[in-house]
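Descriptive analysis of the structure
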Amino acid sequence: MSTLVSIIVPCYKQAHYLKESLRSVQLQSHEHWECIIVNDGSPDHTEEVAQQWCDSDARFRYVSKPNGGLSSARNVGIKNAKGAFILPLDADDILHRDYLKMTVPELENNEQLAIVTCYSNFFEGTIDNIIHKTEPIGTTYHALLFENNIIATSLYRKTSWEQVGGYDEEMRQGFEDWEFWISILKGGKEFMVVPSYLFNYRKAKKSMLTDTLAHHRISNMKYVINKHSELYQKHFDNTTEYLFFLINMYRNTEVKIKSSMSYKVSKYLTLPFRKINSLLTKK
């Protein structure tokens, strides 16, 4: 019998997607798995949906906890996991039926590997409506220093989670999986990319990822760089080059916005208010 995989599914305000996600777990062609659904203090009917699956299939288990964020929910799920391999799965995403079949043997047969990931489809609405594809590259932490090149739903060893102290629960604004992968790999372990589209990521108009990219990207990067400063000091030239690239990118974006007609119109319309504010400030 192959290695038991514990699939960890945190859920917060996503009960309406949970059934589809859990169905993709149940349909796995590799059947030696357990699935732990973690209710992260969700105010919707997550418990009702989860209990239906637990009642119909003993491989599903349910854990409830006060809301603490994604890292906290994953950590609680993994603490309850019996499997030697861990696969995180967000409650709105969908696995290809051969995800485990194609990734588990890679981790079983290579002790140097810490993580196995794959190509991904980004879909909107229905799984057939693919709007973007990703094909990660690399094998070591070097590929992850400046951008997360590994999807959150990647297979890894529970011992790796134990060695790094789990997901960082201070990171409640996203990028927690990026920091987690760096922690695992920086000791010299490697990751592998299975060149098949085995994961389906739901692209929602409002999601944690879109909010993170829009509002928390810089602060999260600062946190990761400070936490793993020895790596970024080791690669100082590349680090400064990338940071200046970001500065130029944001500056160019700002210039484009300010040169747009809508910006000029809004600036003109608010001129009287700015003039009044200027006068009041002088008093």
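For the structure, see preceding data.
The structure presented is a predicted model; accordingly, all values stated were derived computationally and were not measured.

1. What to know about the overall build of the chain
Along the chain, the regular secondary structure elements total twelve helices and nine strands. Each of the 283 residues in the chain was classed as buried or not, and the buried ones make up 45%. The long-range share in the chain, meaning contacts at least 24 apart out of those at least 6 apart in sequence, stands at 80%. Element-wise, carbon and sulfur atoms account for 55% of the exposed surface of the chain, whose accessible area totals about 15,200 Å².

2. Re the packing of helix α6 (residues 176–185) against helix α8 (residues 217–227)
Between α6 and α8, the least distance of the axes is 10 Å, while the angle of their chain directions is 15°. Judged by the angle between their axes, α6 and α8 are roughly parallel. Considering only the axes of α6 and α8, their crossing is right-handed. Seen from α6, the contacting residues are Trp178, Glu179 and Ile182; seen from α8, they are Met221, Val224 and Lys227.

3. Quick notes on the pattern of salt bridges
Within the structure shown, the criterion is met by ten salt bridges. Of the charged contacts in the structure, one is a salt bridge between aspartate 40 and lysine 65, with a shortest N-O distance of 2.7 Å. In this pair, aspartate 40 sits in strand β2 (residues 33–40) while lysine 65 sits in strand β3 (residues 60–65), placing the two residues 25 residues apart along the sequence. Here aspartate 98 ties to arginine 97 by a salt bridge, and the two come within 3.7 Å at their closest N and O atoms. Of the residues examined, aspartate 98 reaches a relative accessible area of 18% and is grouped as buried. One network of salt bridges, in which partners are shared, links Arg74, Asp90 and Glu176.

4. Considerations on the nonpolar core
Of all hydrophobic cores here, the largest spans 36 residues; its most connected members are Ile115, Leu144, Tyr156, Trp178, Trp181, Leu185 and Tyr232. Looking at this core, the elements that each hand over two or more residues are β2, α3 (70–79), β6 (113–123), α6, β9 (190–202), α8, α9 (229–234) and α10 (236–259). A total of six residues in this core trace back to one element, the largest contributor, which is α6. Cys11, Phe85, Val116 and Tyr201 belong to the second largest nonpolar core, which has 35 residues in total.

5. Points about the side chain of threonine 117
By secondary structure assignment, the location of threonine 117 is in strand β6. Of the polar contacts made by the side chain of threonine 117, one reaches the side chain of serine 154; its length is 2.9 Å. Non-local contacts of threonine 117, meaning those with residues more than four positions away in its chain, are made with Pro136, Ile150, Ile151, Ser154, Phe191, Met192, Val193 and Val194.

6. Quick look at the packing of aromatic side chains
In the structure shown here, the tally under the stated rule is ten aromatic pairs. Each ring, one from phenylalanine 146 and one from tyrosine 232, has its centre 6.0 Å from the other, and the planes form 65°; the classification is edge-to-face. With phenylalanine 146 in the loop between β7 (130–134) and β8 (155–157) and tyrosine 232 in helix α9, this residue pair connects regions lying 86 residues apart in the sequence. Comparing phenylalanine 146 with tyrosine 232, the two get one shared label, buried. An aromatic cluster is built from Tyr156, Tyr167, Phe180 and Trp181, whose rings are joined through pairwise contacts. One Lys or Arg, arginine 74, reaches over the ring of tyrosine 167 and ends 5.1 Å from the middle of that ring. Positioned over the ring face of tyrosine 197 is lysine 133, at 4.3 Å from the centre of the ring.

What counts as what
Residues numbered from 1 in each chain as written. Predicted model: local features only at pLDDT ≥ 70, side-chain atom pairs only at ≥ 80, totals over all residues. Heavy atoms only, no water. Helix = DSSP H or I, 4+ residues; strand = E, 2+ residues; numbered from the N terminus. Buried < 20%, exposed > 50% of the residue type's maximum accessible area, 1.4 Å probe, protein only. Contact = heavy atoms within 4.5 Å. Areas by Shrake-Rupley, 256 points an atom, 1.4 Å probe, with all protein chains shown as cover. Axes fitted to C-alpha atoms, helices over the stretch in contact; angles between N-to-C directions. Parallel < 35°, antiparallel > 145°, perpendicular 65-115°, else oblique. Left-handed = near helix turned anticlockwise from the far one by under 90°. Salt bridge = Lys/Arg side-chain N within 4 Å of Asp/Glu carboxyl O. Core = buried A, V, L, I, M, F, W, Y, C linked by side-chain atoms within 4.5 Å. Polar contact = N/O pair within 3.5 Å; in protein donor to acceptor, adjacent residues only side chain to side chain. Phe/Tyr/Trp six-rings, centres within 6.5 Å; stacked < 30°, edge-to-face > 60°. Lys NZ or Arg CZ within 6 Å of the ring centre and 35° of its normal.

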